Amino acid sequence: MFNTKRRSLRLATVGAVGAAAVALATVPAFAKGELDITVTPRTVAIGQTVKVAASGGDDAAPYLLTCVEERINGKGAWRAIECGKLVATGYDAKVNTSVKAEQRGTLQFRAVLYGYQGAHDEHPVKERTTAVQTVTVR
């Protein structure tokens, strides 16, 4: 009877390890990365400058490019206002820019990280986008 319990326990352990291996093999792999944006100040007067900085990285593509996009008063399409330099994966893709507030309302900014398959790739893939950061222009 002692051997039967031991054998059952061994079979249960082998079965559990096998099930765990199958479960791990079916979980999709996710690329590691991050993208951050800093906008200062958050309230400005017309004519003042807003500084925007973004940096990020991702291992989903061999080359990366970070751009800052802007939208005025939450309307219309996003437009790229500045992009950094194309860098190889493993380095932070950075961009720094300044924007002069020209009208009352809100300025919205976000950073976008693009992945490129080569240094001359003409079809980048949008890898990540930050949350929208808003500046009030009074």
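Remember, predicted model here, so these are calculated numbers, not experimental data.

A. Region of interest: the state of the cysteines. Enumeration according to the criterion identifies one disulfide in this entry. In this model C67 forms its disulfide with C83; the gap between the sulfur atoms is 2.0 Å. Looking along the S-S bond of the C67-C83 disulfide, the torsion reads about 105°, which is the right-handed sense. Of this pair, C67 sits in strand β4 (residues 63-72) while C83 sits in strand β5 (residues 79-83), placing them 16 residues apart in sequence. Overall, the relative accessible area of 4% leaves C67 in the buried class.

B. A look at the pairing of β4. With eight of ten residues buried, β4 lies mostly within the body of the structure. Where β4 lies against strand β6 (residues 87-88), two bridges are found, and the strand directions are antiparallel. In the sheet register, L64 faces β6, and the bridge partner there is V87. Here ten bridges tie β4 to strand β8 (residues 105-116), and the two strands are oriented antiparallel to one another. Residue C67 lies in a different strand from β8, and its bridge partner there is V112.

C. Spatial organisation of the confidence of the model for the protein chain. Overall, the prediction assigns the protein chain a mean pLDDT of 86, with 78% of residues at 70 or greater. When the criterion is pLDDT under 50, residues 22-27 qualifies, and its contacts beyond four places in sequence or with other chains add up to zero contacts.

D. Representation of the nonpolar core in the model. I37, V39, V50, V52, L107, F109 and V135 are the most contacted members of the largest nonpolar core, which has 21 residues in total. Among the secondary structure elements, those contributing two or more residues to this core are β1 (33-40), β3 (49-58), β4, β7 (93-100), β8 and β10 (133-137). Per-element tally for this core: the top contributor is β8, with four residues. Among residues more than four places away in sequence, those in contact with V52 are I37, T38, V39, V68, V95, N96, T97 and F109.

E. How the structure looks around the pairing of β3. Pairing between β1 and β3: eight bridges, direction antiparallel. Pairing of G33 across the sheet is with D58, part of β3. One ladder, built from eight bridges, connects β3 with β7; its direction is antiparallel. Directly across from G56, in β7, lies its bridge partner A93.

F. The pattern of salt bridges, seen in detail. For the structure on display, the rule yields three salt bridges. As a salt-bridge pair, R128 and D58 come within 2.8 Å of each other at their nearest N and O atoms. Taken together, the residues span a long stretch of sequence, with R128 in strand β9 (residues 125-129) and D58 in strand β3 at a distance of 70 residues. One salt bridge connects E69 with R110, and the closest N-O pair in it is separated by 2.7 Å. Placement of E69 in strand β4 and of R110 in strand β8 is noted, with a sequence separation of 41 residues between them. Taking relative accessible area as the criterion, E69 reaches 7% and is therefore assigned buried.

Calculation notes
Residues numbered from 1 in each chain as written. Predicted model: local features only at pLDDT ≥ 70, side-chain atom pairs only at ≥ 80, totals over all residues. Heavy atoms only, no water. Disulfide = S-S within 2.5 Å. Helix = DSSP H or I, 4+ residues; strand = E, 2+ residues; numbered from the N terminus. Buried < 20%, exposed > 50% of the residue type's maximum accessible area, 1.4 Å probe, protein only. Pairing = 2+ DSSP bridges. pLDDT = per-residue confidence, 0-100. Contact = heavy atoms within 4.5 Å. Core = buried A, V, L, I, M, F, W, Y, C linked by side-chain atoms within 4.5 Å. Salt bridge = Lys/Arg side-chain N within 4 Å of Asp/Glu carboxyl O.

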